[in-house]
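# What the coordinates show
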Amino acid sequence: VEVVGRGYHTAGIEIDARLAGRGRQSAKRFFTGDALISDFCTVEAGAFDCVLANPPFGKLKDIYPTSINVVQNIVAKQFKVLQVVSEKRLHSFPVELLFVEKSLQLVRPSGWLGLILPEGVFANIRLQGARDYLLQRADVCAVVALPGAVFRRKGLNAHTALLILRRRNPDLSTQIKARLIASARDQGLDDYLQRALHLLQHPRRSVGGRVVSVSQSQLVGSRWDPGFWYGGKMIRRLAGRVRLKPFGDYIRHLTYGPIVKGRRPEHVEAGVPVVRQGDIVETGLDEGDLLRVEAQGEHDPQRSRVCYGDLLLPRSGTGALGKNRLAVYLGREPANVGCFVDLIRLQGMNPFYAWIFFKSRHGREQIAAYANGVGTPNISFAEIRALKIAALSPACQEDYESRYRRDVWSLHKRRHESEAIRIEGERRFRVIVEDLERYLEGVEGP
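Reading the values: the criteria
- Residues numbered from 1 in each chain as written.
- Predicted model: local features only at pLDDT ≥ 70, side-chain atom pairs only at ≥ 80, totals over all residues.
- Heavy atoms only, no water.
- Pairing = 2+ DSSP bridges.
- Helix = DSSP H or I, 4+ residues; strand = E, 2+ residues; numbered from the N terminus.
- Salt bridge = Lys/Arg side-chain N within 4 Å of Asp/Glu carboxyl O.
- Buried < 20%, exposed > 50% of the residue type's maximum accessible area, 1.4 Å probe, protein only.
- Expected span 1.5 Å × (residues − 1).
- Arc of directions from axis to C-beta.
- Axes fitted to C-alpha atoms, helices over the stretch in contact; angles between N-to-C directions.
- Patch = residues over 30% accessible without salt bridge, like charges linked within 9 Å, V, L, I, M, F, W, Y side chains within 5 Å.
- Areas by Shrake-Rupley, 256 points an atom, 1.4 Å probe, with all protein chains shown as cover.
- Contact = heavy atoms within 4.5 Å.
- Core = buried A, V, L, I, M, F, W, Y, C linked by side-chain atoms within 4.5 Å.

## Here we look at the sheet that holds strand β22 (residues 335-337)
Taking strand neighbours across the sheet as the criterion, the 4 strands line up as β18-β15-β22-β19 in an open arrangement whose pairing is mixed. Only two strands of the sheet have a single partner each, and these edge strands are β18 (291-293) and β19 (305-306). As paired elements, strand β15 (residues 272-275) and β22 share 2 bridges and run parallel to each other. Paired with V275 across the bridge in β22 is V337.

Spelled out as structure tokens, the structure:
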């Protein structure tokens, strides 16, 4: 967009010729071609007041499979962001980052940019150099996480966010604060975007919502994804009400199941049960159909043997970690865990209380903050140990265990009998979690 007098002129570039007709109806100048590496007459560097883009996502070699060698030569000459990213293999470089730099090249100082980008750009640790590079050239005005349904269809499940930048003007000094808006669960897209727009238009109004204001200096060397910052905001609020401690202070043993390459485990009827991600449901461990493996074989190492009372945490995937699934092992026979399940043995903390705390929004937002933006959600040992947990009294912790055993456990064991029993068990479990949330927020006593 180029502002002229009181009006504006638009220019558009679309690589898909089938969509070009739509663009020509609204843009005064419209080109069909590759916006990244092609040249177009009257499309000059620094000529635009605003650049809007929804670039392709993926590796350079996947976007240009038949001309990768030619494209690599052009890209190496035109883009500097390549020099600050740990990914040294040019053909594997995220093409969306090149589009961000291209947009910066086209916009004039103090001009605006709006791009829809995958979460990895905002959260992936290996792209930190690229984020810092962009901060030297532009201010982050907003990052608005988009609901998962926006880019969800068969074969595609991309988590994305809208990035709004303003190119730095060396003649002006600005103190722009970034508004980071985390996507709301269970909210329609239209309602969510209207609320996000309101938050951006009225940054000084205290209108609530999943929003954090961050200075540009705070973004240096850090992630930009809103979920990461919102999770930190939640725990800082909690720190003013209760005593928090690192979860690692209570962890005596932390491991995951064996990784055996080249051979899937075979079921052994009288073998040792193995707990895998899909065996952990909302109200605990579903022991109805566990895989069993040869005792003390390669899929049953002693280091990952489960003991009664161990906390089990699926550590990856949208269907397990993404749904905040955990369980306490209450089986009496020896068992093991699969390679995607973390075994957490605690000392000085009730495992049922830890389970319920991390099901609360104060724990859930922390886990989501670490798990965001790096493709398949995952959480490392260091991140698990760094999670903060409210250090309630032993008596208070035991009360939550008693409530689980009294109100939920019997229904959990019968969950396969009927849908009504399963739903009632999950409802009662949510009541316990919500009671803990209210207590932590000072609404009700323990």
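## Some thoughts on the pattern of salt bridges
All told, the structure shown has 22 salt bridges when counted by the stated rule. Among the ionic pairs, R325 bridges to E282, the shortest N-O distance being 3.5 Å. Of this pair, R325 sits in the loop between β20 (311-314) and β21 (327-328) while E282 sits in the loop between β16 (280-281) and β17 (284-285); the two residues are 43 residues apart in sequence, bridging distant segments of the chain. Assessed through its relative accessible area of 18%, E282 is described here as buried. Salt bridges sharing partners connect three or more residues here, namely E282, R325 and K359.

## Observations concerning unusual backbone geometry
Phi is positive for S110, close to 75 degrees, though the residue is something other than glycine. By secondary structure assignment, the location of S110 is in strand β6 (residues 107-118).

## Topic: helix α7 (residues 189-201)
Helix length check: α7, at 13 residues, gives a terminal C-alpha distance of 18 Å against a target of 18 Å (1.5 Å per residue), a fit within 8%. Where α7 is concerned, the buried positions are Y192, A196 and L199. With its buried residues spanning 60 degrees around the axis, α7 presents them on a single face. Opposite the packed face of α7, turned more than 90 degrees from it, sit the exposed residues D190, D191, Q194 and Q201.

## Considerations on the sheet that holds strand β5 (residues 48-53)
Backbone-to-backbone hydrogen bonds pair the strands of a sheet. The strands run either parallel or antiparallel. Across the sheet, 6 strands lie side by side as β5-β6-β10-β7-β11-β12; this open sheet has mixed pairing. Each edge of the sheet is formed by a strand with only one pairing partner; in this case those strands are β5 and β12 (211-214). When strand polarity is set aside, the average angle formed by the axes of neighbouring strands in this sheet is 15 degrees. Judged from the 4 bridges that link them, strand β11 (residues 178-181) and β12 form a sheet pairing that is antiparallel. Its bridge partner being in β12, I181 is matched across the sheet by V211.

## Focus on a nonpolar patch on the surface
A cluster of nonpolar side chains, namely V150, L189 and L193, defines an oily patch on the protein surface of about 210 Å² accessible area. Among the secondary structure elements, L193 is positioned in helix α7.

## Regarding helix α13 (residues 394-407)
Taking 1.5 Å of rise per residue, 14 residues should cover 20 Å, and α13 covers 20 Å from first to last C-alpha, within 8% of that figure. Along α13, the residues that are buried comprise C396, Q397, Y400, E401, R403, Y404 and D407. Considered in projection along α13, the buried side chains sweep an arc of 155 degrees and stay on one side of the axis. In this structure, α13 carries P394, A395 and R406 as exposed residues pointing more than 90 degrees from its buried face. Each element contacted by the buried residues of α13 is listed here: β17, α10 (351-359), α14 (409-413) and α15 (419-440).

## Considering the side chain of K102
Structurally, the position occupied by K102 is in helix α4 (residues 95-106). If we ignore the near neighbours within four places in the chain, the residues touching K102 are A35, L36, S38 and F79.

## Observations concerning the nonpolar core
Core analysis: the biggest nonpolar cluster contains 53 residues, and L98, V140 and L219 have the highest contact counts within it. With 7 residues, α4 is the largest single contributor of residues to this core. With sequence-adjacent residues up to four places away left out, L219 is seen in contact with Q128, D132, L135, V140, A178, L180, V214, W224 and W229.

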